[in-house]
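Residues per chain, in single letters:
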Amino acid sequence: MRSPGRRTVVLSSRTPAMKRPLLSSARKHGRNPVSVFLFFVLILVVLMYSEDFNSIADYSLRNSRAKSQELAHQELAIAKPRHEGLILDSTKVAEEEAEEEERKEARPVLQREGSDAIAREQPPTDEEGRQEPEREGARASVTVNVTQVARLPSARNQGHEQQSVISDQHKSEAKPQRVVLNVPETCDLFEGRWVYDDVSYPLYKEHECQFLTEQVTCMRNGRRDDNYQKWRWQPRDCSLPRFDARVLLERLRGKRLMFVGDSLNRNQWESMVCLVQSGIPWGKKTLTKNGSLNVFRAEDYNATVEFYWAPFLVESNADDPRIHSVPNRVITNSIAKHGKHWKGVDYLIFNTYIWWMNTPKMTVLRGSTKYSRIERAAAYRRVLRIWARWVHRNVNPKKTMVFFMSLSPNHMRSEDWDNPEGIKCALETMPVTDMSRPLEVGTDWRLFAVEESVIQSMRLPVSFIKITALSEFRKDAHTSVHTLRQGKLLTAEQQADPATFADCIHWCLPGLPDTWNEFLYARIASRPWPNQHTHTHRSHTNLSVSHLVH
Ligand SMILES: *[C@@H]1O[C@H](CO)[C@@H](O)[C@H](O)[C@H]1NC(C)=O
Ligand SMILES: *[C@@H]1O[C@H](CO)[C@@H](O)[C@H](O)[C@H]1NC(C)=O
């Protein structure tokens, strides 16, 4: 079932070189037909083995953002394909296969149900997608080393095993299970590496999620390589559990989850809709768009996954969800008009970044006529303080979990990752693997520092989801020329001109934002259920997944 053909095999340049001497020595002994035969068998064996050994299956891109000169060591691991480790342990293979079967069964047949409920969005003219943010000096530097390791540590499969345990629970499930994932709050999920894993990923197929907008369906829009869909994030100190729609839906039962922010948060919302919709049968899910609010509803769960457009969080002249390409961006100090739509929501996920990157200074409207020009980082801090005040006044921490997504990085200059032949992000099919020098892709890390300090200063717990550094490696994951511009797919001529038209801000789906949602999933589903006693359900293969029984 898991045939070797499913993995990408990269033959190293060694293979042809090894082949030639063997062939020539075979010719020397050509008189003896038996020895010729044996040599060909030998060649075959050598080729088979070299294919295996040279499969560059895992790039471990350990990531770390260096704050206050902390050195981060980054590894490039070239390891054998993931399934090899498992073949040694047949029970694990069986477990994985059973799980794979179950995943297939759970998958809804491809359909276009409720398509009248799906208002195909007239996507906003992605003005933000075309503007290059200027470079900022104040970025923390990252020092990296390259080490080559033959094998990854055994921790690499933990996330998957943990998932198997949870899936087991579903098999015998008569009534909903209250699963609690075992992801310690103390584990830094954002320190780790990217691992190529075409067995567990992608988490859904592009054509299986009818809710995806054309902005992000890169394969349908003509992209040829799909390796960007197959990278798993492996935290250094623990595992990121594989997303399970039913586990999250159980958490969302009778509840609302809402993304609030700019088009990157919309990108992530689309990912979340696709991730959960696989757990919901035909005709029991709808998506409606009404002004600034998009609502995906899972009927049987009475649950919603929503997106609210507020690119600066505070009120601004970019708040129109369709016509927001304004030449001069003006923000205000008020948040109440947006905030009233966020009240009472059970899971709130905020972001704001890309709209700040247009100009070094922001225009802030005070009162009704007074404008002032404020330097970007200072204006950002003021806005986040206004946001924090809103959270303090309006969020009940017993009911609501609050998240803040850190900056989503852009990849505008291929020189940033030493590809002078590149054109922005357009020709990239692999994450950054050259860890021999610091990665600088123009992220304004000052704003990251503002996010961190404002969140740390809050009385109310806000979970800061630090996607910035780990996403900086993913130059391969942007929509590039396989997307829309002003509501229309790029023409062939436009696609042929990535220097002008490539979108190196937004991300293809399935893709990187699915990983961001796995962070949310890990945090949400690791919380104990209220008013219930936890007990450890079972623990094997070094995992303990506790769950609660009614
Ligand atoms: C459905 O969920 C909403 C919150 O999203 C809640 O207010 C309402 O009571 C729920 N209805 C039922 C029937 O559970
Ligand atoms: C759309 O949103 C507005 C304002 O939030 C609300 O008054 C209206 O009822 C909504 N329309 C639909 C069809 O849900």
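Higher on the page you've got the structure.
The numbering scheme is per chain: residues are counted from 1 as the chain's sequence reads. Just so you know, chain letters begin at A and ligand numbers begin at 1, following the order they were written in. Residues qualify for local features only when their pLDDT is at least 70, as the model is predicted, and side-chain atom pairs are given and counted only at 80 or more; totals for whole chains, interfaces and linings, by contrast, use all residues. Heavy atoms throughout the structure, all of them, feed into the side-chain values; hydrogens and water do not.

1. Let's talk about the overall build of the protein
Put simply, the test is: Counting from the N terminus, the helices are DSSP H or I runs at least four residues long and the strands are E runs at least two residues long. Note on classification: 1.4 Å probe, protein chains only; a residue is buried when its accessible area is under 20% of the maximum for its type, exposed when over 50%, partly exposed between these limits. Residue exposure ignores everything except the shown protein chains as possible cover, and the areas themselves are Shrake-Rupley values with a 1.4 Å probe.
Helices and strands together make up the secondary structure of the protein, namely 14 helices and 19 strands. Here the protein, with 550 residues, has 57% of them falling under the buried criterion. Put simply, the protein shows about 23600 Å² of open surface, and 53% of that area lies on carbon and sulfur atoms.

2. Some words on the site of ligand 1
The line we're drawing: Near is defined per residue: the residue qualifies when any heavy atom it owns lies within 4 Å of the molecule or strand. Pairs of N or O atoms are called polar contacts if they sit within 3.5 Å, as long as, within protein, a hydrogen donor faces a hydrogen acceptor (for residues adjacent in sequence, only side-chain-to-side-chain pairs). Each residue gets one label: Ala, Val, Leu, Ile, Met, Phe, Trp, Tyr, Cys and Pro are nonpolar, Asp, Glu, Lys and Arg are charged, and the others, such as Gly, are polar.
In the vicinity of ligand 1, the residues found are Gly-254, Lys-255, Arg-256 and Asn-302. The contact in question runs from an oxygen atom of ligand 1 to an N or O atom on the backbone of Gly-254, over 3.5 Å. Between an oxygen atom of ligand 1 and a side-chain N or O atom of Asn-302, the distance comes to 2.4 Å. Look at ligand 1: alone it shows 360 Å² of surface, and the protein chains cover 32% of it. For the shell around ligand 1, the class distribution of residues is no nonpolar, two polar and two charged.

3. So, the side chain of His-411
Quick reminder of the rule: It only takes one pair of heavy atoms within 4.5 Å for two residues to be counted as in contact.
Relative to the elements of secondary structure, His-411 occurs in the loop between β12 (401–405) and α10 (445–456). A polar contact of 2.6 Å, which involves the side chain of His-411, links it to the backbone oxygen of Glu-472. In this structure, His-411 is in contact with Trp-417, Lys-424, Cys-425, Val-441, Ser-471, Glu-472, Arg-474, Lys-475, His-478, Cys-504 and Trp-507, ignoring residues within four places of it in sequence.

4. Here's the deal with helix α6 (residues 245–252)
Among the eight residues that make up α6, seven are buried, leaving the element largely enclosed by the rest of the structure. What α6 keeps buried is the set Ala-245, Val-247, Leu-248, Leu-249, Glu-250, Arg-251 and Leu-252. Structurally, the start of α6 carries an N-cap: the backbone nitrogen of Arg-246 is 2.9 Å from a side-chain oxygen of Asp-244. Gly-254 lies just past α6 and shows a positive phi near 70°.

5. Digging into the nonpolar core
As a reminder of what qualifies: Residues enter a nonpolar core if they are buried and are Ala, Val, Leu, Ile, Met, Phe, Trp, Tyr or Cys, with the set joined through side-chain atoms within 4.5 Å.
By size, the foremost hydrophobic cluster in this structure holds 123 residues, and its most contacted members are Val-305, Trp-342, Phe-350, Trp-387 and Phe-404. Setting aside its immediate chain neighbours within four residues, Trp-387 contacts Leu-313, Ile-335, Phe-350, Val-402, Phe-404, Ile-455, Met-458 and Val-462.

6. Structural notes on the sheet that holds strand β10 (residues 361–366)
Within a sheet, each strand pairs with its neighbour through backbone hydrogen bonds, oriented either parallel or antiparallel. Heads up, the condition is: Two strands qualify as a pair provided that DSSP identifies no fewer than 2 bridges between them. Between N-to-C directions, angles span 0 to 180 degrees; the directions come from axes that are lines fitted to C-alpha atoms, helices contributing only their stretch in contact.
Taken together, the three strands give an open sheet; going across it, the order is β8-β10-β11, and neighbouring strands pair in mixed fashion. Since the sheet does not close on itself, it has two edges, and those belong to β8 (330–332) and β11 (370–375), each with one partner. Within the sheet, the average angular offset between the axes of one strand and its neighbour, ignoring direction, is 40°. Examined bridge by bridge, β8 and β10 share three bridges and lie parallel to one another. Residue pairing for β10: Thr-332 is matched across the bridge by Leu-365.

7. So, the sheet that holds strand β9 (residues 347–350)
Strand order across the open sheet formed by seven strands is β5-β6-β7-β4-β9-β12-β13, with mixed pairing between neighbours. On the outer flanks of this sheet lie β5 (285–290) and β13 (462–465), each paired with one strand and no other. Across this sheet, the average inter-strand angle for adjacent strands is 15°, counted without regard to direction. Here β12 pairs with β13 via four bridges, running parallel.

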